[in-house]
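These are the residues of each chain, in order.
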Amino acid sequence: MIIEVHRSELTDLRTIPTRAAPLAPGQARLRIDAFALTTNNVTYAVFGDAMRYWDFFPTDEPAQWGRVPVWGFGTVVETTADGCAVGERFYGYFPMAEELVVEVGRPDERGITDVAAHRAPMASAYNRYVRCAQDPIHRADREAQQMLLYPLFFTSFLIDDFLADASDFDAEQIIVSSASSKTAIGVGFLAHQRGRRIVGLTSARNRAFVEGLGIYDDVIDYGALGTIAESPSVYVDIAGNPDIRQAIHADAPGGLRYSMVVGGTHWDHVAESTGAVLAPPAPQFFFAPDQIKKRTDEWGTAELNRRVAEAWDRFSGWTDSWLQVESMQGATAVADAFTDLLAGTPDPSVGFACSMAAPAN
């Protein structure tokens, strides 16, 4: 089974059967064992057109329907390609489906790349599948944490690295919207470790959770933005809400030094506009692969991986104090979890670990 989302009405989902075709030479069929669903996947859908997320896993009706990418684990069940064997397990980018056929390219000790023509224009980081047996961060007993948090943490690492590399644009505090989201938590954790002052913006409903994390110096409800401490600031916009962005740009006490757009957790507000002219600086969309390329060129892949893995070890252990993993099995349960994320109803401490396989009776 495959779950598809209507591109112009994200709450409209449909489930279609998998149509398994014989493999062509050089292909491998991966059974998708498990994948995570978080607000990050909502961001993929919201920015599906702008950032070409819909292009990774094409549908038969691309004008209307799309397949939202997810991060998870898959096992090779059939192959006609050199470089991967039946039974090997990989971590990477999948659709919400039971299986994925990849065109195996650039195999090496660490993994393989899907070199299918439709994926060639996309950032290579999203086309890579890492061998679990060779992955330095993989732990069999912590796969849920890896698929739920690692892709978001990697983005958080790159955001924090980008800011640190720019000396935080000479700002004295970092303001982060959607402070209860897992990407924001990663940014807050890393910046807190650097000794930076962090202000988390959140809803009144999630305030207690955000405060309890202990990584934000101040937690502000969206209705009280005027109470942010006066200090030169950087804004990391994970909510994508134009009303909040307008308020921060207009009223940031002490001046706004840089404005970064990361996500769209407030997905139903992203396309809205107040019509007012946004006070400078102009928001800059953060595209993680650009920072990956920069650091790969400067540090090399091995050093980048080492630094990320070291930071991940610290972060992953800390998340045990608050992360609750909820298993969702079967297409109906998975679709319901995605709909709940769109509605913003799950507790921020919860992460959905999903499988399209029907639950055992």
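Look a little higher up for the structure.
Residues numbered from 1 in each chain as written. Predicted model: local features only at pLDDT ≥ 70, side-chain atom pairs only at ≥ 80, totals over all residues. Heavy atoms only, no water.

*Asks:* Residue-level account of the overall build of the protein, with values.
*Replies:* Per the secondary structure count, the protein includes 8 helices and 17 strands. Relative to the compact-globule value of 21 Å for 361 residues, the protein shows a C-alpha radius of gyration of 20 Å, a close match. Its C-alpha atoms give the protein principal-axis dimensions of roughly 60 × 45 × 40 Å. Split into buried and exposed, the 361 residues of the protein put 55% on the buried side. With an accessible surface of roughly 15,000 Å², the protein has 50% of that area assigned to carbon and sulfur atoms. (Helix = DSSP H or I, 4+ residues; strand = E, 2+ residues; numbered from the N terminus. Rg over C-alpha atoms; globule rule 2.2 N^0.38 Å. Buried < 20%, exposed > 50% of the residue type's maximum accessible area, 1.4 Å probe, protein only. Areas by Shrake-Rupley, 256 points an atom, 1.4 Å probe, with all protein chains shown as cover.)

*Asks:* Help me get a handle on empty space enclosed by the protein, residues and values and all.
*Replies:* Within the structure shown, the criterion is met by 1 cavity of 30 Å³ or more. What the largest cavity holds in volume is close to 50 Å³. As for the largest cavity, its lining consists of Ala 36, Leu 37, Thr 38, Asn 40, Asn 41, Trp 71, Met 147, Leu 148, Pro 151 and Leu 152. Of all elements in the fold, only β3 (27-37), α1 (39-46) and α2 (143-165) reach the threshold of two or more residues within the lining of the largest cavity. Per-element accounting of the lining of the largest cavity gives the leading share, 4 residues, to α2. Across the lining of the largest cavity, the residue classes break down as 7 nonpolar, 3 polar and no charged. (1 Å grid on protein atoms, 1.4 Å probe; cavity = no way out; pocket = protein on both sides within 12 Å on 5 of 7 lines; lining within 4 Å. Points joined across faces, edges and corners; volume = space filled by probe spheres on them. Nonpolar A, V, L, I, M, F, W, Y, C, P; charged D, E, K, R; others polar.)

*Asks:* Mind laying out the packing of aromatic side chains, listing which residues take part and the relevant values?
*Replies:* In total, this model carries 28 aromatic pairs according to the counting rule given. Aromatic side chains Trp 71 and Tyr 93 sit 4.7 Å apart centroid to centroid with 50° between the ring planes, which places their arrangement in the tilted category. Linking Trp 71 in strand β5 (residues 69-79) with Tyr 93 in strand β6 (residues 89-95), this pair joins segments that are 22 residues apart in sequence. Among the residues examined, Tyr 93 registers a relative accessible area of 0% and is labelled buried. Aromatic side chains Phe 153 and Phe 315 sit 4.6 Å apart centroid to centroid with 20° between the ring planes, which places their arrangement in the stacked category. Separated by 162 residues along the polypeptide, Phe 153 in helix α2 and Phe 315 in helix α7 (residues 301-319) bring together distant segments of the chain. Put simply, the rings of Tyr 44, Tyr 53, Phe 56, Phe 57, Trp 71, Phe 73, Tyr 91, Tyr 93 and Tyr 126 pair up and form one aromatic cluster. Here the basic side chain of Arg 307 rests over the ring of Trp 299, its NZ or CZ set 3.9 Å away from the ring centre. (Phe/Tyr/Trp six-rings, centres within 6.5 Å; stacked < 30°, edge-to-face > 60°. Lys NZ or Arg CZ within 6 Å of the ring centre and 35° of its normal.)

*Asks:* Could you give an account of the sheet that holds strand β10 (residues 173-176), with specific residues and numbers?
*Replies:* Strands sit in the order β12-β11-β10-β13-β14-β15 across an open sheet of 6 strands; the sheet is parallel. Only two strands of the sheet have a single neighbouring strand rather than two, namely β12 (218-221) and β15 (284-285). Summarising the sheet, β10 and strand β13 (residues 233-237) pair through 4 bridges and their orientation is parallel. Across the sheet, residue Val 176 finds its bridge partner in β13, namely Val 236. Here α2 sits on the sheet in contact with β10, β13 and β14 (256-261), set at roughly 155° to β14. (Pairing = 2+ DSSP bridges. Contact = heavy atoms within 4.5 Å. Axes fitted to C-alpha atoms, helices over the stretch in contact; angles between N-to-C directions.)

*Asks:* Before we move on, can you summarise the environment of Arg 29 with the specific residues and values?
*Replies:* Here Arg 29 is to be found in strand β3. For the pair Arg 29 and Thr 75, spaced 46 residues apart in sequence, the C-alpha separation works out to 8.2 Å. Other than its neighbours up to four places away in sequence, Arg 29 contacts Ala 20, Ala 21, Pro 22, Leu 23, Thr 75, Val 76, Val 77, Glu 78, Glu 99, Leu 100 and Val 101.

*Asks:* I'd like a description of the environment of Leu 10, backed by residues and values.
*Replies:* As for its placement among the helices and strands, Leu 10 is situated in strand β2 (residues 9-16). Residue Leu 10 is classed as buried on the basis of its relative accessible area, which comes to 7%. Spatially, the C-alpha atom of Leu 10 lies 7.5 Å from that of Ala 45, the residues being 35 residues apart in sequence.

*Asks:* Please give an account of the nonpolar core that cites residues and values.
*Replies:* Ranked by size, the top nonpolar core spans 100 residues in total, and within it Phe 35, Leu 37, Tyr 93, Met 96, Tyr 129, Tyr 216 and Val 236 carry the most contacts. Sorting elements by how many residues they give to this core places α2 first, with 9 residues. Excluding its chain neighbours within four sequence positions, the residues that come into contact with Leu 37 are Val 70, Met 96, Leu 148, Val 334, Ala 337, Phe 338, Leu 341, Phe 352 and Cys 354. Among the nonpolar cores identified, the runner-up in size contains 12 residues, and Leu 201, Tyr 222, Ile 228 and Tyr 235 belong to it. (Core = buried A, V, L, I, M, F, W, Y, C linked by side-chain atoms within 4.5 Å.)

*Asks:* Give a detailed account of helix α8 (residues 331-343), specifying residues and quantitative values.
*Replies:* Residues three or four positions apart in an α-helix share a direction because the helix packs 3.6 residues into each turn. The end-to-end C-alpha distance of α8 is 18 Å, a good match for the 18 Å that 13 residues give at a rise of 1.5 Å each. Every buried residue of α8 is listed here: Ala 331, Ala 333, Val 334, Ala 335, Ala 337, Phe 338, Leu 341 and Leu 342. As for α8, its buried residues are in contact with β1 (2-6), β2, β3, α1, β16 (324-329) and β17 (350-355). Trailing α8 by a residue or two, Gly 344 shows a phi angle of about 75°, which is positive. (Expected span 1.5 Å × (residues − 1).)

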